[in-house]
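Read off the chains here:
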Amino acid sequence: MSNRFENGFNGRVAVVTGGGTGMGRELVRQLAADGCDVAACDVIAENLADTVAMCAADGSRGEVFTAIADVSDEAQVLEFRDAVAKWRPHVNLLFNNAGIGGGGSIIDNDRTEWDKTFAVCWFGVYYNTLAFLPQLLKSDVGHVVNTSSVNGFWASLGPDISHTAYSSAKFAVKGFTEALITDFALNAPHLHASVVMPGHIGTSIVINSGKILGRDPKEMTEDQLSQIRERIARRGLDMSDVSDEDLRVGMQAQAEAFRDVAPVSAAQAATVILEAVKRDEWRILVGADAVALDTMIRAEPENAYTPDFFTRLRADGIFGFTG
Ligand SMILES: NC(=O)c1ccc[n+]([C@@H]2O[C@H](COP(=O)([O-])OP(=O)(O)OC[C@H]3O[C@@H](n4cnc5c(N)ncnc54)[C@H](O)[C@@H]3O)[C@@H](O)[C@H]2O)c1
């Protein structure tokens, strides 16, 4: 077997959090197709079952093990870890992929949503890294791959929308992963770490986050709808002719458009991530939008949160999606 993963993942063992849809599902499929045994967790059971069915239909060479586990709950993470340990004694690859979007404003949003978003996106990464360390340490070669975001180096979705919980968590994931590089080099040199920073990838993250955070447009309460009306009105848009039903339909259409109009698919993103791990790269930008934004932030950091910076990004066709 090769020293690291340059020849692929055949015969290795991987753990993928959030393997039910999106990039997590595609990581599971591509790893399993390559002959890697994969353990995946998620909180949405039917999506996880679909991932397993897809791997079977793909004729995967690797085995797939699944469990329901909420990455923001340490007891559930430890239960998942113990189940994986019974299945396979060591782990070579840990993909901390699960994430949700929410908790926009620290002033205007309720704290429950803020805390949940931060807990999934940050504590999910921390709990799983801690939990699976013993199995990673037992492996001959190991790699921790943590998914941050472009919001791990740019804490914004533009000047008209607050984005505090998600950005804080994704900055934490990026800092933690970069610090792991040296920690692993000093204390467990067979382990390496990579941080993934995707731009806009076509997934159901807006739909799934809505379901998980109790704001699925189809089921939103009148209070939730009127709060959204207020926010839109504050941006100067007249909402008087828009019915509640129109608002629900509009939000659902936006969530679907996020998935359907993206420049990079979830499958393409998973391939970019796995190819970068094979090349042993620690810094994985996914998508031309992520690369362009990274370049712009480095060139003019002081301007990053000005309306003009965002206007120029949009003019370059980056983050044209307004959801
Ligand atoms: N889609 C994008 O444009 C984009 C951009 C940058 C970063 N990301 C990040 O990429 C990662 C994957 O997201 P995606 O776009 O594939 O979204 P997705 O919603 O398709 O996949 C995320 C998966 O995580 C699961 N999940 C959510 N909360 C969980 C929890 N508490 N415990 C276990 N599983 C949970 C969801 O059910 C879902 O199956 C996330 O960390 C996200 O923040 C996505």
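Everything quoted here is computed from the prediction, not taken from an experiment.

Turning our attention to the nonpolar core. Judged by nonpolar contacts, the single largest core of 74 residues is most densely connected at Ala14, Val38, Ile273 and Val286. Broken down by element, the residue count for this core peaks at 10 residues, all from helix H4 (residues 111-137). Among all residues touching valine 286, those that are not within four sequence positions of it are Val196, Met197, Pro198, Gly199, Ile201, Val264, Ala269, Val272 and Ile273. Ile205, Met251, Ala255 and Phe258 belong to the second-largest nonpolar core, a separate cluster that totals five residues.

It is worth spelling out helix H1 (residues 22-33) at this point. Helix length check: H1, at 12 residues, gives a terminal C-alpha distance of 17 Å against a target of 16 Å (1.5 Å per residue), a fit within 8%. Most of H1 sits out of view: 11 of its 12 residues are buried. For H1, the set of buried residues is Gly22, Met23, Gly24, Arg25, Glu26, Leu27, Val28, Arg29, Gln30, Leu31 and Ala32.

Now for the domain arrangement of the protein. One can read the domain layout of the protein as domain 1 (13-202 + 264-288) and domain 2 (204-261). Relative to domain 2, the C-alpha centre of domain 1 lies at a distance of 27 Å. In this assembly, 11 residues from domain 1 lie in contact with 10 residues from domain 2. For the side of domain 1 that touches domain 2, the class distribution of residues is three nonpolar, five polar and three charged.

Further remarks concern the environment of lysine 174. Mapping lysine 174 onto the fold places it in helix H5 (residues 164-187). Since 20 C-beta atoms lie within 10 Å of it, lysine 174 is described here as buried. Remark: the alpha-carbon pair of lysine 174 and leucine 27, spanning 147 residues in sequence, is separated by 20 Å. When near neighbours in sequence (up to four residues on either side) are disregarded, lysine 174 contacts Ser148, Gly152, Phe153 and Val195.

Once that is clear, we can look at the site of the ligand. Inspection of the region around the ligand gives 32 residues, with Gly18, Gly20, Gly22, Gly99 and Thr203 positioned closest. The class makeup of the residues in the shell around the ligand is 13 nonpolar, 17 polar and two charged. Of the residues that make up the shell around the ligand, three or more belong to each of domain 1 (13-202 + 264-288) and domain 2 (204-261).

Next up on the list: the packing of helix H3 (residues 74-87) against H4. It is at 9 Å that the axes of H3 and H4 come closest, and there the two elements cross at 25°. Taken together, the axes of H3 and H4 lie roughly parallel to each other. With respect to the hand of their crossing, H3 and H4 are arranged in right-handed fashion. Listed contacts from H4 to Glu74, Val77, Leu78, Arg81 and Ala85 of H3 are Tyr127, Asn128, Ala131, Phe132 and Gln135. Residues of the contact of H3 with H4, tallied by class, amount to six nonpolar, two polar and two charged.

Turning next to unusual backbone geometry. Positive phi, close to 60°, is recorded for aspartate 280, a residue that is not glycine. The topology assignment puts aspartate 280 in the loop between helix H9 (266-278) and strand E9 (283-286).

Our next topic: the sheet that holds strand E2 (residues 37-42). In space, the seven strands of this open sheet follow the order E3-E2-E1-E4-E5-E6-E9, with parallel pairing throughout. Edge positions in the open sheet fall to strand E3 (64-68) and E9, since each of these has one partner strand only. This sheet shows a mean twist of 15° between the axes of neighbouring strands, independent of strand direction. Where strand E6 (residues 191-198) lies against E9, four bridges are found, and the strand directions are parallel. If you follow valine 195 over to E9, its bridge partner there is arginine 283. Docked against the sheet, helix H2 (residues 45-58) engages E2 and E3, running at close to 175° with respect to E3. Relative to the sheet, H5 contacts strand E5 (142-147) and E6, its axis offset from that of E6 by approximately 160°.

Attention now goes to the pairing of strand E1 (residues 13-17). Within E1, five of the five residues are buried, which leaves the element mostly enclosed by the surrounding structure. Covered by surrounding structure in E1 are Val13, Val15 and Thr17 together with Ala14 and Val16, the residues of both alternating faces. With five bridges joining them, E1 and E2 adopt parallel strand pairing. By the bridge assignment, valine 13 is partnered in E2 with aspartate 37. As judged from the three bridges shared by E1 and strand E4 (residues 93-96), these two strands associate in the parallel manner. What sits directly across from valine 15, in E4, is leucine 94.

Rules used in this analysis
Chains are numbered independently. Their residues run from 1 in the order of the written sequence. Local features in a predicted model are, by the rule used here, given only for residues with pLDDT of at least 70; side-chain atom pairs are given and counted only at 80 or more, and totals for whole chains, interfaces and linings are based on all residues. A set of buried residues drawn from Ala, Val, Leu, Ile, Met, Phe, Trp, Tyr and Cys, joined through C-beta atoms within 7 Å, is what defines a nonpolar core. The exposure label follows from counting other C-beta atoms within 10 Å of a residue's C-beta, where the C-beta atoms are placed from the backbone and the thresholds are 20 or more for buried and 12 or fewer for exposed, leaving partly exposed in between. Helix and strand assignments follow DSSP, with helices taken as H or I runs no shorter than four residues and strands as E runs no shorter than two, numbered in order from the N terminus. With C-beta atoms placed from the backbone, a contact is any residue pair whose C-beta atoms sit within 7 Å. Expected span, for any helix, means 1.5 Å times one less than how many residues it has. Here the limits of each domain have been adopted from an automatic or database domain assignment. Residues are grouped as follows: Ala, Val, Leu, Ile, Met, Phe, Trp, Tyr, Cys and Pro are nonpolar; Asp, Glu, Lys and Arg are charged; all remaining types, including Gly, are polar. In this text, near has one meaning. A residue is near a molecule or strand if its C-beta atom, placed using the backbone, is within 6 Å of it. Lines fitted to C-alpha atoms define the axes here, with helix axes fitted over just the stretch in contact, and angles between the N-to-C directions of these axes take values from 0 to 180 degrees. For classification purposes, angles smaller than 35 degrees are called roughly parallel, those larger than 145 roughly antiparallel, those between 65 and 115 roughly perpendicular, and all remaining angles oblique. Handedness of a helix crossing follows the sense of rotation of the near helix relative to the far helix, less than a right angle counterclockwise being left-handed and clockwise being right-handed. By definition, two strands form a pair when at least two bridges between them are found by DSSP.

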